[in-house]
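A look at the structure
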Amino acid sequence: MTEFSTILAEKHDGYALITLNRPEALNALNLEVMTELTAAAAEFDADPEVKSIVITGAGRAFAAGADIKEMKDLTFSKAYEADWFAGWQDLASVRKPIIAAVNGFALGGGCELAMMCDILIASEKAKFGQPEINLGVLPGMGGSQRLTRAIGKAKAMDLCLTGRFIGAEEAERSGLAARVVAPEALMDEAVSIAGVIAGKSRIASALVKEAVNLAFETTLDQGLRFERRLFHASLATADQKEGMAAFVEKRDPQFTDS
Ligand code: CO8
């Protein structure tokens, strides 16, 4: 595993854990974090022993947004020419399930990073928001798009136009978080979800992720057709034969990710 300086990247049995590790800056996302996190995620995506990736933050934040100190003197021409922060798209392209374990502030780019993940679980202490409006800008890593799709126009406009923060309970009620747990139970919950995913077929997980994500991109008719085709394709896998045989034989399946 490559050595990183702004994140911790660890491989565990069946899953990987990435911890944003700039607690003194509330894990603000700078270019180095983006480069390291996307590189670590790509490495784990390519590792057959890793079935899912958990992302969390060290200290009292998941991530308090893009690094304002890095951004404050950025100019349009520099940002445009470098297509600044486009690299985050690499995380959204990871094919394995990513679990966001949101331990504290998930603001601006931090909320957007959590929304790039596939299962978002929140500690009761988590706070979500898109406060870019307070800085004279707007969300830039998907907040206007993924948040609107996740919680609808009314709430997305509320959060993006006022910059107010919402707690974990409101995030779950709104459809942003899948589960809320006590702070001390957060990592156990994330690891337990990773454990459940580790028992499934890696191919089936990737098919699920691809199909669900397409729902954000396409019409219902095309999405349904795509889902059906993927289902047809799943019949070509050894894991489908094993999964269905195990059901009929009343035993646990032994998937081989093939
Ligand atoms: N960037 C840089 N440093 C930060 C950030 C940040 N986003 N957030 C916190 N910090 C730093 C603080 O400056 C402080 O450092 P220092 O000790 O050196 O002064 C340290 O973290 C602790 O923060 P606070 O003292 O402010 O802690 P509080 O408990 O008082 O407040 C808050 C916590 C409420 C989270 C507060 O820190 C805050 O409001 N942070 C900024 C939140 C924010 O506005 N986030 C949005 C940033 S913009 C963005 O994310 C755009 C993403 C799209 C990029 C564009 C792509 C094209």
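Residues numbered from 1 in each chain as written. Predicted model: local features only at pLDDT ≥ 70, side-chain atom pairs only at ≥ 80, totals over all residues. Heavy atoms only, no water.

Short version of the rule: UniProt positions are given in the numbering used here, feature names are shortened, and annotations may be inferred rather than shown by experiment.
Where an unreviewed UniProt entry is consulted, the chain appears under the name Enoyl-CoA hydratase, with the organism given as Brevibacterium samyangense. Comment text from UniProt for the chain, heading Sequence similarities (unreviewed entry), reads "Belongs to the enoyl-CoA hydratase/isomerase family."

Details of the overall build of the chain
Note the threshold: Secondary structure follows DSSP: runs of H or I at least 4 residues long count as helices, runs of E at least 2 residues long count as strands, and numbering of each begins at the N terminus. What the globule rule says is 2.2 Å times the number of residues to the power 0.38, and the radius of gyration is computed from C-alpha atoms. Only protein chains enter the area calculation, which uses a 1.4 Å probe; residues under 20% of their type maximum are buried, those over 50% are exposed, and those in between are partly exposed. What makes two residues a contact is simply this: any of their non-hydrogen atoms within 4.5 Å. Accessible surface is estimated by sampling points in the Shrake-Rupley manner with a 1.4 Å probe; for residues, cover comes only from the protein chains shown. Counting rule for charge: Lys and Arg are taken as positive, Asp and Glu as negative, and neither His nor the chain ends is counted. Here the site of a charge means NZ on Lys, CZ on Arg, CG on Asp, or CD on Glu.
Broken down by element type, the chain carries 11 helices and 10 strands. Whereas a compact globule of 258 residues would reach a radius of gyration of roughly 18 Å, the chain reaches 19 Å, a difference of no more than 12%. When its C-alpha atoms are laid out on the principal axes, the chain stretches across 60 × 40 × 40 Å. Residues counted as buried form 43% of the 258 residues belonging to the chain. By sequence separation, contacts in the chain at least 24 residues apart represent 68% of the contacts at least 6 residues apart. Here the chain displays about 13,500 Å² of accessible surface, and carbon together with sulfur accounts for 57% of that area. Taking the 27 positively charged and 36 negatively charged side chains of the chain as two groups, their mean positions are separated by 6 Å.

Quick notes on the pairing of strand S1 (residues 7-11)
The side chains of a regular strand alternate between both faces of the sheet. As a reminder, the rule being used: Note: two strands are recorded as paired if DSSP finds a minimum of 2 bridges between them.
Where S1 meets strand S2 (residues 15-20), five bridges bridge the pair, whose relative direction is antiparallel. Opposite Lys11, over in S2, you have Ala16 as the bridge partner. What sits between the antiparallel neighbours S1 and S2 is a turn of three residues, in which Gly14 has the positive phi angle 90°.

Focus on helix H10 (residues 220-234)
Side chains three or four residues apart in an α-helix point the same way, a direct result of the helix having 3.6 residues per turn. To be explicit about the condition: Every helix has an expected span of 1.5 Å times one less than the residues it contains. Think of it as the arc spanned by the lines of direction from the helix axis to the C-beta atoms.
Helix length check: H10 (15 residues) gives 21 Å between terminal C-alpha atoms against 21 Å at 1.5 Å per residue, within 8%. The set of residues buried in H10 consists of Gly223, Leu230 and Ser234. Looking straight down H10, one finds its buried side chains confined to an arc of 45°; they lie on one side. The elements touched by buried residues of H10 are helix H9 (202-214) and helix H11 (238-248).

Looking at the site of the ligand
Convention followed: The criterion for a residue being near a molecule or strand is simple. One of its heavy atoms has to lie within 4 Å of it. Throughout this description, a polar contact denotes any pair of N or O atoms lying within 3.5 Å of each other; where both atoms belong to protein, one of them has to be capable of donating a hydrogen while the other can accept it, and for residues adjacent in sequence the pair is counted only when both atoms sit in side chains.
As a matter of local geometry, the ligand sits amid 24 residues, with Arg60, Ala64, Ala66, Ile68 and Gly109 nearest to it. At 2.9 Å, a backbone N or O of Ile68 approaches a nitrogen atom of the ligand. With respect to the ligand, the backbone of Gly109 contributes an N or O atom lying 2.8 Å from an oxygen atom. In isolation the ligand exposes 1,100 Å². Once the protein is present, 65% of that is buried.

A closer look at the confidence of the model for the chain
The criterion, for reference: Per residue, pLDDT measures the predictor's confidence, with a range of 0 to 100.
Scored by pLDDT, the chain comes out at a mean of 97, with 100% of its residues at no less than 70. Two numbers describe this predicted complex: its pTM, 0.97, and its ipTM, 0.98.

Focus on H9
Counted at 1.5 Å a residue, the expected span for H9 with its 13 residues is 18 Å, and the 18 Å between its end C-alpha atoms agrees. When H9 is considered as a whole, its buried residues turn out to be Ser205, Ala206, Leu207 and Lys209. Packed against the buried residues of H9 are strand S5 (98-102), helix H8 (186-198) and H10. Two to three positions downstream of the cap, the backbone nitrogen of Ile203 sits 3.2 Å from a side-chain oxygen, assigning the N-cap of H9 to Ser201.

Side note on unusual backbone geometry
Residues other than glycine predominantly adopt negative phi, and peptide bonds predominantly adopt the trans conformation. If you check the backbone angles, Leu26 has positive phi at about 50° while not being a glycine. The phi dihedral of Phe85 is positive, around 75°, even though this residue is not glycine. By relative accessible area, which is 9% here, Phe85 ends up buried.

Description of the pattern of salt bridges
For side chains of opposite charge, pairing can occur when their charged atoms come near one another. In plain terms, the rule: The rule for a salt bridge is simple: a side-chain nitrogen of Lys or Arg has to be within 4 Å of a carboxyl oxygen of Asp or Glu.
Summed over all chains, the structure comprises 14 salt bridges. Linking Asp257 and Lys51 is a salt bridge whose minimum nitrogen-to-oxygen distance equals 2.9 Å. With a gap of 206 residues between them, Asp257 in the segment after H11 and Lys51 in the loop between helix H1 (31-46) and strand S3 (52-57) connect regions that are remote in the sequence. In this structure, Glu170 engages Lys155 in a salt bridge whose closest nitrogen and oxygen atoms are separated by 2.5 Å. Here the residue Glu170 occupies a position in helix H7 (residues 168-174), and Lys155 occupies one in helix H6 (residues 146-162), the gap between them amounting to 15 residues.

Details of the nonpolar core
Formally: Definition used in this section: a nonpolar core is a set of buried Ala, Val, Leu, Ile, Met, Phe, Trp, Tyr and Cys residues joined via side-chain atoms within 4.5 Å.
Grouped together as the largest cluster of nonpolar side chains are 47 residues, with contacts concentrated most on Ile53, Trp88 and Phe128. Sort the elements by how many residues they give to this core and H1 lands first, with six residues. Contact partners of Ile53, with chain neighbours within four places excluded, come to Ala16, Ile18, Ala41, Phe44, Asp45, Val94, Pro97, Ile98 and Ile99.

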